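Coordinate analysis (summary)
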Amino acid sequence: MSLALTPADENAPVAIQATMSLVGLTRIQLAEALRDIGVSDGDIRMRVGQLWHWIYFQGATDFDSMLNVSKALRARLAERFTLDRPQVVAEQVSTDGTRKWLIRMPPAPGDRLVGGKTVGAEIECVYIPESDRGTLCVSSQVGCTLTCSFCHTGTQKLVRNLTSQEIVQQLMVARHQLGDFPGLTPPTNGLIPSGEGVRAVSNIVFMGMGEPLYNLDNVADALGVMSDGDGLSLSKRRITVSTSGVAPSIADLGARTGAMLAISLHAVRDDLRDKLVPLNKKYPIVELLQACRDYPGLSNARRITFEYVMLKGVNDSPADARQLVRLLKGIPAKINLIPFNPWPGTVYECSDWETIERFSDIVFNAGYASPVRTPRGRDILAACGQLKSETEKLRARARLADDQD
Ligand code: SAH
Ligand code: SF4
């Protein structure tokens, strides 16, 4: 593993930014920003189109590069706005090519107060390269209001929704770090997919911190920006939103975004799921699966992914596997078995490898693709449920090492 922590004073409070960044805004928000600096109604559409191209297609980082925008307008833009992206506080690169960035957002209302000043939220963003794709795992909230008993994020106190801008910014940071905008060079310590028409980030999964369906407005807006064909251009079929099971919002997600759906199922009986995913008490398995059957656009080509975390002696028996197959009957589905990633203080353990294989065989023999999600980036603690606090520990260790130099 290689670990590179950028030098940053962790405790230095930051002032709320006086100028606003345009990076991450929707077309409507950009139009408002332009109206604010006096661009006339007749010009707005054209100007939004120009900015859109520069920001999202070219990845511009300063207004001066926007050659088809008049000098006068560029100056007015620069007076009021920036093209800043959030700060990358730390980057870690795993031996398997997985990258994890700790990103600090500019301070926003509701963030942590340190010494009377607001400190921007920090979120982690994980990039997983494979031979034919590059997947970026993004967060939708800081922390999570839900308390799934096997998930570390659920133990975090501070929770706020990320804005759509902050969600899009995660992709902007990733593309920048991966040299995936025109004129940039990809990092040499690579394993980044490349070739004609191949983008470093080709897929997005909302599987970082937070429950995306509790922040659906912002997630939907962000998805709109990410999939816009004139800019970031990600195919909606390559954007997957994972939910712990907010059944009433599932139809809305489909109608508003056309994203692929993933369900964190993890148990096949209500009594157990109530314990693992307490939201189940509100929306039990039958109700959740009905919402899945009704998901707009569902077909064999557009299957729902069911995530199932393998917990030793808890949900991993052959009987559980058979019940899983029975439950999903008739739903175009993929089943994703996730080896549990332990975190300090958890009572759970990951199932043995043979148990996972036996479970996987039963599911596979019933006709479902049942890939076991290979744990990625374990050496940099980038796997599901290991985010945030581990980075804080690494930092503390890095500081200690610095002090000892
Ligand atoms: N809140 C959403 C999306 C974020 S969690 C959801 O729950 O679906 C992304 C995935 O990681 C979920 O399937 C979640 O159950 C899983 N996960 C959480 N903690 C984990 C852990 N410690 N080990 C393995 N998977 C975990
Ligand atoms: Fe929240 Fe998902 Fe973690 Fe549950 S598994 S606490 S919904 S982030």
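Below is a short write-up of the structure.

Structural notes on the overall build of the protein chain
- A tally of regular secondary structure across the protein chain gives 11 helices and 16 strands.
- Expressed as a percentage of the 405 residues in the protein chain, the buried residues total 54%.
- Within the protein chain, contacts between residues at least 6 apart in sequence are counted, and of these 69% link residues at least 24 apart.
- Of the roughly 17800 Å² of accessible surface on the protein chain, a fraction of 52% belongs to carbon and sulfur atoms.

Observations regarding the environment of His53
- Within the fold, His53 resides in helix H2 (residues 41–57).
- According to the relative accessible area criterion, His53 is partly exposed, its value standing at 30%.
- A sequence separation of 179 residues divides His53 from Leu232, and the C-alpha atoms of the two residues are 9.2 Å apart.
- Residues in contact with His53, not counting those within four places in the same chain, are Gln58 and Asp230.

Topic: the packing of aromatic side chains
- In total, this model carries 4 aromatic pairs according to the counting rule given.
- Relative to Tyr348, the ring of Phe340 lies with its centre 6.2 Å away and its plane at 75°, an arrangement referred to as edge-to-face.
- The ring of Trp52 is capped by Arg27, whose NZ or CZ atom sits 4.4 Å from the centre of that ring.

A look at the site of ligand 1
- Ligand 1 sits among 22 residues. The nearest are Gly210, Ser242, Ser264, His266 and Asn341.
- A distance of 2.6 Å separates an oxygen atom of ligand 1 from a polar side-chain atom of Ser242.
- Here an oxygen atom of ligand 1 sits 2.9 Å away from a polar atom, N or O, in the side chain of Glu307.
- Put simply, the parts of the chain that give the shell around ligand 1 at least two residues each are strand S13 (239–243), strand S15 (304–310) and strand S16 (333–339).
- Residue composition of the shell around ligand 1, by class: 11 nonpolar, 9 polar and 2 charged.

Regarding the packing of helix H1 (residues 27–36) against H2
- Following both chains from N to C, one finds H1 and H2 inclined at 120°, their axes separated by 9 Å at the closest point. Classified by the interaxial angle, the pair formed by H1 and H2 is oblique. Where H1 crosses over H2, the two elements pack in a sense that is right-handed. Side by side, H1 and H2 meet where Arg27, Leu30, Ala31, Leu34 and Arg35 of the first sit next to Asp41, Ile44, Arg47, Val48, Gly49, Leu51, Trp52 and Ile55 of the second.

Focus: the site of ligand 2
- Near ligand 2 the following residues occur: Cys144, Leu146, Cys148, Cys151, Gly154, Gly210 and Ser244.
- When the residues that make up the shell around ligand 2 are grouped by side-chain class, the tally is 4 nonpolar, 3 polar and no charged.

Thoughts on the nonpolar core
- Judged by nonpolar contacts, the single largest core of 107 residues is most densely connected at Leu22, Ile55, Leu136, Ile204 and Phe306.
- A total of 7 residues in this core trace back to one element, the largest contributor, which is H2.
- Those residues within four positions of Leu22 in sequence are excluded, and the remaining contacts are Leu30, Ala33, Leu51, Ile55, Tyr56, Phe63, Leu77, Phe81, Thr82, Leu83 and Gln165.

Some thoughts on the side chain of Arg47
- Examined against the element boundaries, Arg47 turns out to sit in helix H2.
- Although Arg47 is buried, it forms no salt bridge, and the closest oppositely charged side chain is Asp43 at an N-O distance of 4.9 Å.
- When sequence neighbours within four positions are dropped, the list of residues in contact with Arg47 reads Leu34, Val39, Asn68, Val69, Ser70 and Leu73.

Parameters at a glance
Residues numbered from 1 in each chain as written. Chains lettered and ligands numbered in written order. Predicted model: local features only at pLDDT ≥ 70, side-chain atom pairs only at ≥ 80, totals over all residues. Heavy atoms only, no water. Helix = DSSP H or I, 4+ residues; strand = E, 2+ residues; numbered from the N terminus. Buried < 20%, exposed > 50% of the residue type's maximum accessible area, 1.4 Å probe, protein only. Contact = heavy atoms within 4.5 Å. Areas by Shrake-Rupley, 256 points an atom, 1.4 Å probe, with all protein chains shown as cover. Phe/Tyr/Trp six-rings, centres within 6.5 Å; stacked < 30°, edge-to-face > 60°. Lys NZ or Arg CZ within 6 Å of the ring centre and 35° of its normal. Near = heavy atom within 4 Å. Polar contact = N/O pair within 3.5 Å; in protein donor to acceptor, adjacent residues only side chain to side chain. Nonpolar A, V, L, I, M, F, W, Y, C, P; charged D, E, K, R; others polar. Axes fitted to C-alpha atoms, helices over the stretch in contact; angles between N-to-C directions. Parallel < 35°, antiparallel > 145°, perpendicular 65-115°, else oblique. Left-handed = near helix turned anticlockwise from the far one by under 90°. Core = buried A, V, L, I, M, F, W, Y, C linked by side-chain atoms within 4.5 Å. Lys, Arg positive; Asp, Glu negative; His and termini not counted. Salt bridge = Lys/Arg side-chain N within 4 Å of Asp/Glu carboxyl O.

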